[in-house]
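Residue-level structure breakdown
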Amino acid sequence: MTQNKSVLEWIGKMKELVCPDTVLWIDGSEAQIEALRAEACKTGEMIKLNQEKLPNCYLHRTAVNDVARVEGRTFICSRKEEDAGPTNHWMEPQGAYKMLFDIARGSYKGRTMYVIPYSMGPVGSPFSKIGIELTDSIYVVLNMSIMTRVGQNVLDTLGDSNDWVRGLHCKCDIDAEKRYICHFPEDNTIISVNSGYGGNVLLGKKCFALRIASYLGKTEGWMAEHMLILGIQNPKGEIKYVAAAFPSACGKTNLAMLIPPEFYRKKGYKAWTVGDDIAWMRIGPDGRLWAINPENGFFGVAPGTNEKSNPNALATTKSGTIFTNVAENLDDKTVWWEGLDHNPPKNAIEWTGKPWDGTTSKDKGAHPNSRFTAPAKNCPCLSDEFNSGKGVPISAIIFGGRRAHTTPLVYQSRSWDNGVFVGSIMASETTAAATGAVGVVRRDPMAMLPFCGYNMGDYFAHWIEMGEKLGDKAPKIFNVNWFRLDDEGHFIWPGFGDNLRVVDWILKRCDGTADAVETPIGFVPKAEDIVLDGLDLSLDTLKGILGVDKDEWTKEADGIEEFYKKFGDKLPKQLRTELENLKARLK
Ligand code: GTP
Ligand code: SPV
Ligand code: MN
């Protein structure tokens, strides 16, 4: 399929290492995909679902010990340890290659090596980058074919260039003790062994589009971020775009696909999805920040997705979708997860493969990090700009996390540098998207803690530099928190589609048409300026979640001080100054 020397040489070397019986190049044709689906159904790797209700949809169960990203086993293998920085696990590259090659050696024996040429971003766009993933998993091939642009035209576009990301994935024995997700940013290389779960093995996603790409962005002057991209169309027909970074399982897919509340719909507001997880952003010829979504599908959290919370996501999963670790309804071969509806199937198999009668008290039907892999083209609110290689201009950048207390519903930063500070101090409760404890508050700067492919101190400096280049064309920076709890532990803010009420205020601030109140941490809305029509929420309750408590923030500032110590002299002086200024304003 290609004469590219660097490609053929590398594949030759890997083939010698892993010893496959056969090699199959993925050409992007429907016929090839269909044949692979059939083969995976024969071996039980995939289960064909009800083709009338869910055409071309399949179910897959991962190993029980392999259901989420493994941050503790994810490594940045830069030559110098300092270049991985204090927030990443590091391994010396020569030692890492040796260890990984020892694990991978001979592991494709009796199996097929699938060669997946893929493009992150529309094929041929100046934003886009090419990768090749080798895998012994049909599940990976089928997922990559939804999540990225795959096939012959990618190789044609690559030509004889050496500028592509190498990816080797070996399932091996799914041995959690020998599971490693390793990145070699200086070699454009990713090696993943002993896993079959999404974020660990769909190498175009977190491994390439964030960890490797963030490193490339730093060296080439652009940004790779864990951000959704959303367009809001006003009644005049103008569309403004925002990019928002929330940690894993904290609401990106939901915000990206929001349906405006009735009050807004009647006025003519519309919302358009450009991306739900990753944004690649460059300064355009006009000096503004432009963004593309490098992916071609959505790898979304299933639990909680329903007709009310996110009807667009649900509609997107009705064909051509792979479900992973959800419950299987044996009566009609459909799928179910917690929060889909109030009628769990009685005759079912839960996510680990055991019979399940739908009583949610003991076992769960779906794993909390069960996912759907759905083609972007299915999405009813997909932006017309989705396939545009030039991207969309970003008016506002929004950071956000899951905080029961402390962080208000929304606030605006005072400047770009102050906005970088706001992003750098993000904290959020951990979720099931990664293995480990759930619900623990941790610092997750820019929602990139698990995804930054180099020293996070240098990453902060890169953000500051981008602001200097953007000057007065820089997007305004905000922070949101949909997750404030009341004394009974209920969410106070309704969230989901109603989040448009907050985004509306954000866009008005960008236009200079909304007022604000100054607080020590930034500007919060006047409660009257958040549209509450059609909502059962009192102005006083709203005032409560817009509140900034000085005592809580004084404690927060101490926590930030402590966190910043990690970075030593890598911490940009601008952020040090921002912290000092915050402390002074809190006095
Ligand atoms: P990744 O794909 O892991 O990067 O996650 P994501 O940021 O796209 O998260 P997603 O939108 O899938 O949301 C994850 C969980 O947050 C789901 O259980 C949602 O129901 C819940 N959620 C999303 N938006 C809101 C909101 O506005 N309010 C509340 N209370 N919950 C929300
Ligand atoms: C996340 O965990 O942020 C995800 C899912 O988007 S995964 O692809 O597994 O990383
Ligand atoms: Mn994500």
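So, here is what we can say about the structure in this document. (Residues numbered from 1 in each chain as written. Chains lettered and ligands numbered in written order. Predicted model: local features only at pLDDT ≥ 70, side-chain atom pairs only at ≥ 80, totals over all residues. Heavy atoms only, no water.)

1. Concerning the site of ligand 1
Note the threshold: By convention in these notes, a residue is near a molecule or strand provided one of its non-hydrogen atoms lies within 4 Å of it. Here a polar contact means two N or O atoms within 3.5 Å. Within protein one must be a hydrogen donor candidate and the other an acceptor candidate, and residues neighboring in sequence count only if both atoms are side-chain atoms. Methods summary: accessible areas were calculated by the Shrake-Rupley approach with a probe of 1.4 Å, and residue burial reflects only the protein chains presented. Secondary structure elements follow DSSP: runs of H or I no shorter than four residues count as helices, runs of E no shorter than two count as strands, and numbering proceeds from the N terminus. For the purposes of this description, domain bounds are those given by an automatic or database domain assignment.
Looking at ligand 1, there are 21 residues lining it, with Ala249, Lys252, Thr253, Asn254 and Arg371 nearest. Here an oxygen atom of ligand 1 and a backbone polar atom of Thr253 are 2.8 Å apart. Protein contact buries 91% of the 660 Å² of open area that ligand 1 shows by itself. Among the elements of the structure, helix 9 (252–256) and strand 18 (297–301) are those that each provide at least two residues to the shell around ligand 1. Ranked by residues supplied to the shell around ligand 1, first place goes to helix 9 with three residues. Residues from two domains meet in the shell around ligand 1; each of domain 2 (225–294 + 384–548) and domain 3 (298–378) gives at least three.

2. A few points about the coordination of the manganese ion (ligand 3)
Note the threshold: Distances define the donors: N, O and S atoms within 2.8 Å of the metal qualify, as do those within 3.2 Å of Na, K or Ca. Water is excluded, so some sites may look unfinished. Here a site with four donors is tetrahedral if all angles are between 85 and 135 degrees, and a site with four or six donors is square planar or octahedral if opposite donors are over 155 degrees apart and the other angles are between 65 and 115; anything else gets the irregular label. Each residue is placed in one exposure class: buried if its accessible area under a 1.4 Å probe, protein chains only, is under 20% of its type's maximum, exposed if it is over 50%, and partly exposed if it falls in between.
Listed as protein donors to the manganese ion (ligand 3) are Lys206 (NZ), His226 (NE2) and Asp277 (OD); their distances from the metal cover 2.2 to 2.3 Å. Angles of 70 to 174° at the metal separate the six donor atoms of the manganese ion (ligand 3), which places the site in the irregular class. Positions of the donor residues of the manganese ion (ligand 3) along the chain correspond to the pattern K-x19-H-x50-D. Highlighted residues: His226 in the loop between strand 12 (223–225) and strand 13 (227–233) and Asp277 in the loop between strand 15 (270–275) and strand 16 (279–283), separated in sequence by 51 residues. Here Asp277 falls in the buried class, since its relative accessible area comes to 8%.

3. Thoughts on the pairing of strand 14 (residues 239–245)
In plain terms, the rule: One bridge is not enough; two strands pair if DSSP finds at least two bridges between them.
With respect to burial, strand 14 is a largely interior element, five of its seven residues being buried. The pairing of strand 13 with strand 14 spans seven bridges and is classified as antiparallel. Bridged to Met227 within strand 14 is Ala245. The loop that links strand 13 with its antiparallel partner strand 14 comprises five residues; one of these, Gly237, has a positive phi angle of about 90°.

4. Overview of the site of ligand 2
For clarity, the cut-off: Only Asp, Glu, Lys and Arg are considered charged, only Ala, Val, Leu, Ile, Met, Phe, Trp, Tyr, Cys and Pro nonpolar, and every remaining residue, Gly among them, polar.
Neighbouring ligand 2 are the residues Arg69, Tyr197, Gly199, Lys205, Lys206, His226, Ser248, Asp277, Phe299, Arg371, Ala433 and Phe451. Between His226 and ligand 2, the recorded distance is 3.3 Å, taken from a side-chain N or O atom to an oxygen atom. Within the side chain of Ser248, one N or O atom sits 2.5 Å away from an oxygen atom of ligand 2. In terms of residue class, the shell around ligand 2 is made up of four nonpolar, three polar and five charged.

5. A few points about the pairing of strand 25 (residues 392–400)
Burial analysis of strand 25 places eight of its nine residues in the buried class, the great majority of the element. Alignment of strand 14 against strand 25, held across five bridges, turns out to be parallel. Bridge pairing in strand 25 links Val242 to Ala396. Inspection of the sheet shows strand 17 (residues 289–292) paired to strand 25 by two bridges, in the antiparallel sense. Residue pairing for strand 25: Ala291 is matched across the bridge by Val392. Pairing of strand 25 with strand 29 (residues 476–480), which is carried by five bridges, proceeds in the parallel orientation. Within the sheet, the bridge partner assigned to Ala396 lies in strand 29 and is Lys476.

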